[in-house]
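Close look at the chain arrangement
Residue strings, one per chain:
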Amino acid sequence: MKPPPPAGEAVVEELRGNRPGPESVLPGEAAVADAAYRSLDGHQRGLRRVWPFLGPAFIAAVAYIDPGNFATNISGGAKFGYLLLWVVLSANLIAMLVQTQSAKLGIATGKNLAELCRERFSRRTSIGLWLQAEMVAMATDIAEVVGAALGLNLLFGIPLFPAGIIAGIGAFTILALQQMGFRRLEAGITVLVGVVVASFVFELFDSGPDGGEVAKHLVLPGFAGTESLLLATGIIGATVMPHVVYLHSALTQRRIVGRDEAEKKRILGFEKVDVVIALSLAGLVNLSMMIVAAALFHSSGLTGVETIDGAYEGLQTLVSDRAATIFGVALLASGFASSSVGTMAGQVVMQGFIKRQIPLFLRRAITLAPALLVLAIGLDPTDALVASQVVLSFGIPFALVPLLVIAANREVMKDLANPPWLSALAGVLASLIIALNVFLIIQFALPG
């Protein structure tokens, strides 16, 4: 007869042990685990039942409101008004599916995507995947640090290179929260996400958008020539950030350990709530960026606003210095939060693929160097952001395809393996995203 699963207290006690592996990179919280098992055992009700499971998706959601999103959404709203809102909404729904798949991988297997790739693929393939993932991590850092530096420059007039150093120090400070427990880090990053959300909600009300047009274009697909199609391609194509596909599986792999297959399904149900809440907030921010740009810049004839600093100056001119300052604060919070998340993802990738890790703060210092070099040689910040997004696009297939292949494998995933219909849907969406990213890379390489 099969023995009953261990009591929640026993699992929590195990979590208190010093186990090797990703848990040393992403330490669990015994108190959170204890509350989670009480929820799973039926001793919690209402919000208190869900609360222990919230957090991982909020960290992953940071990638969807990073500085790279600012320029794309603002440019789309300025050029085409409310026309492409449906694209932003569609991209956000795709992101929910992908991040749920990643979270499920960690819950079902107790391993992250990088570890599973190392186990399931050849050593040569694993090394190749690791090297490209490290390249993606550096490109991510360039976008985040440059974005935060630009925020400091706009708010305080600090030159970009010293602002980049300050941005790096800010990311160090956020990562230091992890030394006090991962729940503290989750809380810190969630606060920064909250700052971004609150800032754009304020901008949304301050800009006075046309509610009828917003509602219409959220559900009515449409384009206005080749340029709008290209921009829509950029919005959807940059939906999936490869580093958080790896990271989300690590965030869930040992946070709450399911004691049997049925309990893993319940944990996944709670994690879906986490994903929906976190990415709905991220979607609200991206929609707000485009709506504000449409209401202010497009309606005023300023259709050429394509850069972050151009948007800042436009807000100063059309609304007020206060509105521009709030925009700058949102950009700064986004840069700080996303830079920290990128560093964590890089650590998970290295540990998972090659069973090696370096101190988190040393990794932060190493990956900060390319971003500081970009600022030191005086490259245009917006151009640097665009280039970094192209590198991220290159990394998409190498994270997304292994994720979906493994998620459909019943031998690995057991009862949480994707059913055929979900594998088919995810495959179609993955193919679309990959095709769009290839198109973006071609457009970037051959601008003529």
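Because the structure is predicted, anything quoted here is derived from the model rather than measured.

**Considerations on empty space enclosed by the protein**
Evaluated as defined, the whole model comprises six cavities of 30 Å³ or more. Around the second largest cavity, the lining residues are Phe53, Pro56, Ile107, Thr252, Arg255, Ile256, Ile267 and Glu271. Residues belonging to the lining of the second largest cavity are distributed by class as follows: five nonpolar, one polar and two charged.

**A closer look at the packing of aromatic side chains**
This model, assessed by the stated rule, comprises six aromatic pairs. Measuring from centroid to centroid gives 6.1 Å for Phe200 and Phe327, while their planes differ by 80 degrees, and the two rings are edge-to-face. On the criterion of sequence distance, the pair formed by Phe200 in helix H10 (residues 182-207) and Phe327 in helix H16 (residues 321-354) is long-range, its members being 127 residues apart. One exposure class covers both Phe200 and Phe327, and it is buried. Taken together, the ring pairs in this structure connect Phe70, Phe200 and Phe327 into an aromatic cluster.

**Observations concerning the nonpolar core**
What tends to happen in soluble globular proteins is that the nonpolar side chains get buried as a cluster. Ranked by internal contacts, the top residues of the largest apolar core, which has 146 residues, are Leu84, Ile189, Ile256, Phe297, Ile308, Phe327 and Met344. In terms of residues, this core owes the most to one element, helix H14 (residues 261-298), which gives 18 residues. Among residues more than four places away in sequence, those in contact with Phe297 are Ile74, Ala78, Val292, Leu302, Thr303, Val305, Ala311, Gly314, Leu315 and Leu318.

**Regarding the packing of helix H6 (residues 85-109) against helix H11 (residues 211-219)**
Orientation of H6 relative to H11, taken along the N-to-C sense of each, is 55 degrees, at an axis distance of 6 Å. It follows that H6 is oblique to H11 by the angle criterion. Seen along the crossing, H6 lies across H11 with a hand that is right-handed. Contact residues: H6 offers Leu85, Trp86 and Leu89, while H11 offers Val214, His217 and Leu218. Looking at the contact of H6 with H11 residue by residue, the classes come out as five nonpolar, one polar and no charged.

The rules we used
Residues numbered from 1 in each chain as written. Predicted model: local features only at pLDDT ≥ 70, side-chain atom pairs only at ≥ 80, totals over all residues. Heavy atoms only, no water. 1 Å grid on protein atoms, 1.4 Å probe; cavity = no way out; pocket = protein on both sides within 12 Å on 5 of 7 lines; lining within 4 Å. Points joined across faces, edges and corners; volume = space filled by probe spheres on them. Nonpolar A, V, L, I, M, F, W, Y, C, P; charged D, E, K, R; others polar. Phe/Tyr/Trp six-rings, centres within 6.5 Å; stacked < 30°, edge-to-face > 60°. Helix = DSSP H or I, 4+ residues; strand = E, 2+ residues; numbered from the N terminus. Buried < 20%, exposed > 50% of the residue type's maximum accessible area, 1.4 Å probe, protein only. Core = buried A, V, L, I, M, F, W, Y, C linked by side-chain atoms within 4.5 Å. Contact = heavy atoms within 4.5 Å. Axes fitted to C-alpha atoms, helices over the stretch in contact; angles between N-to-C directions. Parallel < 35°, antiparallel > 145°, perpendicular 65-115°, else oblique. Left-handed = near helix turned anticlockwise from the far one by under 90°.

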